[in-house]
Amino acid sequence: MKKKLIFTAFLVAVICAFMMVSVYANVVEDDSATVLLDSPENVNVYNKPEGIYLSFSAVEGAQTYYIYRSDLDAPLTAVSSENGLFYLDKSAASGKSYTYGVQAVSGDTKSEISYSQKYKFVKAPVLISAANGDGYSYVKWNSVAGADKYYVYRKVNGGSWKF
């Protein structure tokens, strides 16, 4: 009877050990199947007449990109989901500074967020009127929030723009 009890205990221990190895192997297999995405690189912002233009590099395996924005007075919030490698923020207010974030996404997998530098948007002025006088030109435009000076360029019949 004693030998049978020892054998049964040994058999139970072997079965439990086998089950533990089997469960561990499944966990390792699932973990190795996880796809990690790199964070987008080269996050750049530019002033455009329509708003702030954001561009970034492609991430291998990404299906879409989440775009985030902070106006420095508020936390980062999602503003768009893009399939391409750029975003035009037409809602940016002239004179305000913003920071943008970009996150690569593939299904439920998301990369870390990559951030832009702080960027102050200054809207392009709108020309109100222009007139030529005897030896001079008169140009009038609206003031723009955030602008502290204006540069006026002129172009003469097919020539290049001059300051």
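The structure under discussion appears in the preceding block.
The structure presented is a predicted model; accordingly, all values stated were derived computationally and were not measured.

All right, on to a nonpolar patch on the surface then. A surface patch of nonpolar side chains, amounting to about 590 Å² of accessible area, comprises Tyr 151, Tyr 153, Trp 161 and Phe 163. As for its placement among the helices and strands, Trp 161 is situated in the segment after strand S11 (137-141).

A word on the packing of aromatic side chains. The full count for this structure, using the stated rule, is seven aromatic pairs. Taking the centre distance of 6.3 Å and the plane angle of 40° together, the rings of Tyr 98 and Tyr 100 count as tilted. Taken as a pair, Tyr 98 and Tyr 100 share a single burial class, namely buried. Note on Tyr 153 and Phe 163: the rings are 5.5 Å apart at their centroids and 55° apart in plane angle, and the pair reads as tilted. With Tyr 153 in the segment after S11 and Phe 163 in the segment after S11, the pair connects residues that are 10 residues apart, well separated along the chain. Judged by its relative accessible area of 68%, Phe 163 falls in the exposed class. A network of ring pairs unites the aromatic residues Tyr 46, Tyr 53 and Phe 86 as a single cluster. For Lys 48, the ring lying beneath its charged end belongs to Tyr 53, and the centroid distance is 5.2 Å.

What follows deals with the nonpolar core. Counting residues in hydrophobic clusters, the biggest one holds 17 residues, and the most contacted among them are Ile 52, Leu 54, Phe 56, Tyr 100 and Val 102. Contributing elements (two or more residues each) for this core: strand S2 (51-55), strand S3 (64-70) and strand S6 (97-106). Among all residues touching Leu 54, those that are not within four sequence positions of it are Val 43, Asn 44, Val 45, Ile 67, Leu 85, Phe 86, Tyr 87, Tyr 100 and Val 102.

Strand pairing in a sheet relies on backbone hydrogen bonds, with the paired strands running either antiparallel or parallel. With antiparallel pairing, the three strands of this open sheet are ordered in space as S1-S2-S5. Both edges of this open sheet fall to strand S1 (44-48) and strand S5 (86-89), since each of them pairs with a single strand only. For this sheet the average axis-to-axis angle between neighbouring strands, irrespective of direction, equals 20°. Where S2 and S5 come together, four bridges link them in antiparallel fashion. By the bridge assignment, Leu 54 is partnered in S5 with Tyr 87.

What follows is about the side chain of Thr 64. Along the chain, the position of Thr 64 falls in strand S3. A distance of 3.2 Å separates a polar atom in the side chain of Thr 64 from a polar atom in the side chain of Ser 81. A distance of 2.8 Å separates the side chain of Thr 64 from the backbone oxygen of Glu 82, its partner in a polar contact. With residues near it in sequence (within four places) discarded, Thr 64 still touches Ser 81, Glu 82, Asn 83, Gln 103, Ala 104 and Val 105.

Basis of the calculations
Throughout this document, residue positions are counted from 1 along each chain, in the order its sequence is written. Selection of residues for local features in this predicted model requires a pLDDT of at least 70, selection of side-chain atom pairs for listing and counting requires 80 or more, and totals for whole chains, interfaces and linings are taken over all residues. Each side-chain value is derived from all of the structure's non-hydrogen atoms; neither hydrogens nor water enter the calculation. Any residue with relative accessible area above 30% and no salt bridge may belong to a patch, with like charges joined within 9 Å and the nonpolar Val, Leu, Ile, Met, Phe, Trp and Tyr side chains within 5 Å. All accessible areas in this document rest on Shrake-Rupley with a 1.4 Å probe, and a residue is counted as covered only by the protein chains that are shown. What counts as a salt bridge is simple: a side-chain nitrogen of Lys or Arg found within 4 Å of a carboxyl oxygen of Asp or Glu. Strands here mean DSSP runs of E at least two residues long; helices mean DSSP runs of H or I at least four residues long; both are numbered from the N terminus. The pairing test for Phe, Tyr and Trp rings, Trp by its six-membered ring, is centres within 6.5 Å, and the orientation test on the planes gives stacked under 30 degrees, edge-to-face over 60, and tilted for anything in between. Only protein chains enter the area calculation, which uses a 1.4 Å probe; residues under 20% of their type maximum are buried, those over 50% are exposed, and those in between are partly exposed. In this analysis the charged atom, NZ for Lys or CZ for Arg, is taken to sit over a ring once it is within 6 Å of the ring centre and within 35 degrees of the ring normal. In this description, a nonpolar core means a group of buried Ala, Val, Leu, Ile, Met, Phe, Trp, Tyr and Cys residues linked to one another through side-chain atoms lying within 4.5 Å. Contact criterion: two residues are considered in contact whenever any of their non-hydrogen atoms come within 4.5 Å of each other. By definition, two strands form a pair when at least two bridges between them are found by DSSP. Lines fitted to C-alpha atoms define the axes here, with helix axes fitted over just the stretch in contact, and angles between the N-to-C directions of these axes take values from 0 to 180 degrees. Polar contacts, as used here, are pairs of N or O atoms within 3.5 Å; protein pairs need one atom able to donate a hydrogen and one able to accept it. Residues neighboring in sequence count only if both atoms are side-chain atoms.

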